[in-house]
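# Structural description and commentary
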Amino acid sequence: MSPQSRSRQIRDVVFVDGVRTPFGKAGEKGIYAGMRADDLVVKCIRELMRRNPSLPPERVDEVAIAATTQSGDQGMTIGRTAALLAGLPQTVPGFAIDRMCAGAMTAVTTTASGIGFGAYDVVIAGGVEHMGNHPMGKDADPNPRFMTERLVDPAALNMGNTAENLHDRFPHITKDRTDAYAAASQEKLAKAYANNSIQPDLVPVATKKPGTGWTLNTVDEPPRPGTTVEDLGQLRTPFRAHGRVTAGNAAGLNDGATTALLASAEAAEELGLGVKMRLVGFAFAGVEPEVMGYGPVPSTEKVLKQTGLSIEDIGIFEINEAFAVQVLSFLDHFGIADDDPRVNRYGGAIAVGHPLASSGVRLMNQLARQFEEDPSVRYGMTTMCIGLGMGATVIWENPNHPDYNTDSTEATK
């Protein structure tokens, strides 16, 4: 039989483990001021290897790391440089990815595709964003044709403006409603911290600042527990006079890194690696750039159609909270209540932060932790909007569910 005619069977891909640094506030007062982005990634890779001692380093087939601004300490094909800096063998290759906010999510889905096809057995995928070192849009040079030929609305180049546009499109999503959602996100994250649900996947990071010495950072810096709707109502609307988007109902500017360990189901069994989730399906989709926050709607519809699942089959949603209005537009489309207990049980990016290209794996870490806590849930979803008008959605299966993987060779229902 020729290679061209030989059929391949797609292999199951499993999420073995995931870690992240505590997220920091961007800027000179943030915990990672003066620290390199690649060093944050290195700490995550080393922690993954430490937590999975049965994995020989030479068995890692690829390291894919995302960054939105691929210059300076986030440049030079950061997947390869981070692998070398982390002490992985020189035989382990690596590469860089950019899909803005969905960078880490794309690193996962891209390498997972390679596992499914048989090109890899074990990979490390993740992302980093040091927005203190690389402010959003720094050194960007959008082609003037975008404006002169009206290829996109000018608002598409400012994420805050796209959120205001989403409010215009859905006027029933009021500022009071987004503030209420944002306050709830802070409350849920505080509860998750109190229950020790966040800390197990955080990699402590030591930093040194002039005059203060060394500090070991073990918790996220952005959260503001105790935030009330009344507090949020006092904030200014920087993107539009008398607007609805504020610093309180949107994710902040943050620094942080994430990495995940993925493997084929066969390799995980061979190497004695645990399985936290199984990849069911994923999809990316585009929308008008000026309302980029709506992107998760078509990407979710697309992956549901691909997998034969319905929105009712999803027992846990991890939705990246770039803006509260973005999450609420998704919930409204699918008929899900703002306070549905399936949605962002640990809070979201409004509270914990959103270091752009790293956030996708944070969503996966939190979903995996909730799968462990709730074996009654079979399927969960990680989804996010992406700058310039895109959405990304990944569906995962819970290995703790009684019916786990009983019919994975067909549609997953």
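Structure shown above.
Figured I'd write up the structure that's included with this text. (Residues numbered from 1 in each chain as written. Predicted model: local features only at pLDDT ≥ 70, side-chain atom pairs only at ≥ 80, totals over all residues. Heavy atoms only, no water.)

Here we come to empty space enclosed by the protein. Inspection of every chain in the model, using the stated rule, returns one cavity of 30 Å³ or more. The volume enclosed by the largest cavity comes to roughly 70 Å³. Along its surface, the largest cavity is lined by R20, S197, I198, D201, L202, Y346, R362, N365, Q366 and R369. Taken together, the residues of the lining of the largest cavity sort by class into three nonpolar, three polar and four charged. (1 Å grid on protein atoms, 1.4 Å probe; cavity = no way out; pocket = protein on both sides within 12 Å on 5 of 7 lines; lining within 4 Å. Points joined across faces, edges and corners; volume = space filled by probe spheres on them. Nonpolar A, V, L, I, M, F, W, Y, C, P; charged D, E, K, R; others polar.)

Now for the pattern of salt bridges. Pairing is possible between side chains of opposite charge, provided their charged atoms come close. Per the stated rule, a full pass over the model turns up 24 salt bridges. In this structure, R51 engages D17 in a salt bridge whose closest nitrogen and oxygen atoms are separated by 2.7 Å. Separated by 34 residues along the polypeptide, R51 in helix α1 (residues 37-51) and D17 in strand β1 (residues 13-20) bring together distant segments of the chain. Looking at R51, the relative accessible area reads 24%, which means it is partly exposed. For D374, the salt bridge goes to R345, with nearest N and O atoms at 3.3 Å. Pair noted here: D374 is in the loop between α12 (359-373) and β11 (379-386) and R345 is in the loop between α10 (324-333) and α11 (349-352), with a separation of 29 residues, a long-range link. (Salt bridge = Lys/Arg side-chain N within 4 Å of Asp/Glu carboxyl O. Helix = DSSP H or I, 4+ residues; strand = E, 2+ residues; numbered from the N terminus. Buried < 20%, exposed > 50% of the residue type's maximum accessible area, 1.4 Å probe, protein only.)

With that out of the way, let us pick up the packing of aromatic side chains. Tallying each qualifying case throughout the model produces five aromatic pairs. Here the aromatic rings of F282 and F284 are separated by 6.1 Å at their centres, their planes lie at 70°, and the arrangement is edge-to-face. Aromatic side chains F317 and F330 sit 6.3 Å apart centroid to centroid with 70° between the ring planes, which places their arrangement in the edge-to-face category. On the criterion of sequence distance, the pair formed by F317 in strand β10 (residues 314-319) and F330 in helix α10 is long-range, its members being 13 residues apart. With respect to burial, F317 and F330 carry one shared label: buried. By way of ring pairs, the aromatic residues F317, F330 and F334 are connected into one cluster. The aromatic ring of F23 is capped on one face by R20, whose charged end is 4.4 Å from the ring centroid. (Phe/Tyr/Trp six-rings, centres within 6.5 Å; stacked < 30°, edge-to-face > 60°. Lys NZ or Arg CZ within 6 Å of the ring centre and 35° of its normal.)

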